[in-house]
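Letter by letter, the chains look like this.
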Amino acid sequence: MINKIDQATYQDDLEHIEQNTHSRDLFRLAQARRTAISQTNRQPNTINWLLATTCGCLFAFLVMVPLFEDSPLSVEAIVSGEQPIKSMIGEDISEVDSMGFYYWLEIYDVELVANND
Amino acid sequence: MDTNGANQHKCDQVTISQRRDEASDALAYQTLEEFLKFIEKRAFHMARLSTSHIEDAHDLVQDTMYKLVEKYSNKAPADWKPLFYRILHSKITDYYRRKAVRDKVFPWKKVGGQESEDYLDTQLNEGISPNSSEPANMLLRGQQAQRLTVGIEKLPLRQQQAFMLRCWEGLTTQETAMAMGCTQGSVKTHYSRAMARLRDILGEYYDQ
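Quantities reported herein were computed from a predicted structural model and do not represent experimental measurements. (Residues numbered from 1 in each chain as written. Chains lettered and ligands numbered in written order. Predicted model: local features only at pLDDT ≥ 70, side-chain atom pairs only at ≥ 80, totals over all residues.)

Draft legend 1. Representation of the overall build of chain A within the structure. Within chain A, the secondary structure is distributed over 7 helices and 0 strands. Helices and strands in chain A line up, N terminus first, as α-α-α-α-α-α-α. Residues classed as buried in chain A amount to 10% of the 117 residues present. (Helix = DSSP H or I, 4+ residues; strand = E, 2+ residues; numbered from the N terminus. Buried ≥ 20, exposed ≤ 12 C-beta atoms within 10 Å, placed from the backbone.)

Draft legend 2. Summary view of the overall build of chain B. Looking only at helices and strands, one finds 9 helices and 0 strands in chain B. Each helix and strand of chain B, placed in order from N terminus to C terminus, yields the pattern α-α-α-α-α-α-α-α-α. Buried residues in chain B amount to 35% of all 208 residues. Taking the intrachain contacts of chain B between residues at least 6 apart in sequence as the baseline, contacts between residues at least 24 apart amount to 63%. (Contact = placed C-beta atoms within 7 Å.)

Draft legend 3. The arrangement of the nonpolar core in detail. Residues and elements named next belong to chain B. Counting residues in hydrophobic clusters, the biggest one holds 48 residues, and the most contacted among them are Ala-47, Val-61, Leu-88 and Phe-163. No other element matches helix α2 (residues 32–51), which puts 9 residues into this core. Filtering out sequence-adjacent residues up to four positions away, Ala-47 remains in contact with Ala-57, Leu-60, Val-61, Leu-88 and Ile-92. (Core = buried A, V, L, I, M, F, W, Y, C linked by C-beta atoms within 7 Å.)

Draft legend 4. Examining the packing of helix α3 (residues 54–72) of chain B against helix α4 (residues 77–105) of chain B more closely. Residue and element names in this part refer to chain B. For the pair α3 and α4, interaxial distance at closest approach is 9 Å and the crossing angle is 135°. The pairing of α3 with α4 is recorded here as oblique in orientation. In this structure, α3 meets α4 at a crossing whose hand is right-handed. In this structure, α3 contributes Asp-56, Leu-60, Asp-63, Thr-64, Lys-67, Leu-68 and Tyr-72 to the contact, and α4 contributes Trp-80, Leu-83, Phe-84, Ile-87, Leu-88, Lys-91, Ile-92 and Tyr-95. (Axes fitted to C-alpha atoms, helices over the stretch in contact; angles between N-to-C directions. Parallel < 35°, antiparallel > 145°, perpendicular 65-115°, else oblique. Left-handed = near helix turned anticlockwise from the far one by under 90°.)

Draft legend 5. Inspection of the confidence of the model for chain A at higher detail. Residues with a pLDDT of 70 or more make up 62% of chain A, whose mean pLDDT is 74. Confidence scores differ between elements of chain A, with helix α5 (residues 85–88) of chain A showing the lowest mean pLDDT of 54 and helix α2 (residues 23–41) of chain A the highest of 87. (pLDDT = per-residue confidence, 0-100.)

Draft legend 6. Structural context of helix α8 (residues 173–180) of chain B. Of all 8 residues in α8 of chain B, 6 are buried; the element is thus mostly enclosed. Looking at the residues trailing α8 of chain B, positive phi occurs at Gly-181 of chain B, about 70°.

Draft legend 7. Spatial organisation of the packing of α2 of chain B against α4 of chain B. All names here are of chain B. Contact geometry of α2 with α4 gives a least axis separation of 11 Å together with a crossing angle of 25°. On the basis of the axis angle, α2 is roughly parallel to α4. For the crossing formed where α2 meets α4, the hand is right-handed. Contacts between α2 and α4 involve Phe-35, Ile-39, Ala-43, Met-46, Ala-47, Ser-50 and Thr-51 on the former and, on the latter, Pro-77, Trp-80, Lys-81, Phe-84, Leu-88, Ile-92 and Tyr-95. Its residues assigned to classes, the contact of α2 with α4 comprises 11 nonpolar, 2 polar and 1 charged. (Nonpolar A, V, L, I, M, F, W, Y, C, P; charged D, E, K, R; others polar.)

What follows is the structure, encoded as structure tokens:
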């Protein structure tokens with residue numbers, strides 16, 4: 001019983017202390033609370049890093065796939081706007097001969113014949 | 001006041017206290033912000049009484065709030081209070097460890113922890129108390145509270161913690177054990193020793 005009475009008396013005094021908190025301390029406590037709570041509005045950094053890494057990998061994949069998919073010859077053909085030679089072999093050799101790309105070979109042959117003559 | 005009257009007055013106080021405990025059982029907070037608002041003043045005074053230093057008390061409370069929000073915001077509101085005090089008391093213990101090391105390394109920089117002793121006096125002198133309508137009563141209560149403050153500061157740290165959590169915060173023995181990181185038996189021992197010591201220190205004033 002004595003403990004209960006003491007406890008009640010102490011509680012009243014402790015509440016008195018609590019109620020008489022300085023206004024400057026109340027202000028600082030409010031500031032601390034606001035700072036702590038503002039954490040919840042921020043997304044964790046790990047999620048941002050994960051998102052950035054995934055986007056980077058996806059972009060790299062999209063860029064690299066066409067480069068590794070085709071041979072260098074076909075890439076050249078794509079660039080020059082002509083059909084790939086590979087697809088023409090075994091079809092019609094005259095078509096190959098008529099290709100503008102081999103004009104230098106014809107010139108070379110003509111020059112060689114002229115020299116021999 | 002005769003003896004019967006004094007006993008009646010003390011019994012009334014017990015009843016009021018019990019009612020207050022029952023009322024506080026209904027959770028007064030649902031969000032983390034409400035909880036921090038509810039607990040911040042008491043936490044600050046506990047830290048202030050433990051450290052005897054206002055600035056350090058603010059730092060400790062701020063760190064505790066920050067850590068609670070960072071680590072335990074997903075916990076149930078009923079768990080917040082013991083967790084909050086667990087963090088706070090760990091930080092107070094760390095504070096004393098750091099202070100002991102600092103005092104050994106830089107003995108000439110020892111700071112006397114007397115800053116918070118006149119806390120209530122300055123409040124009265126500044127005249128900014130919200131309950132200043134009854135100055136005489138206010139003064140008496142202020143003096144009594146001041147003595148209690150001094151008494152609490154004289155207690156060992158663990159007894160202080162047990163006393164403040166059980167008596168002030170109204171935590172159960174189990175919750176206090178969780179907050180202090182010890183067994184329920186230790187809590188009971190610390191609490192009863194704290195009460196006995198305070199009765200020795202303050203008895204002459206409180207019996208008046």
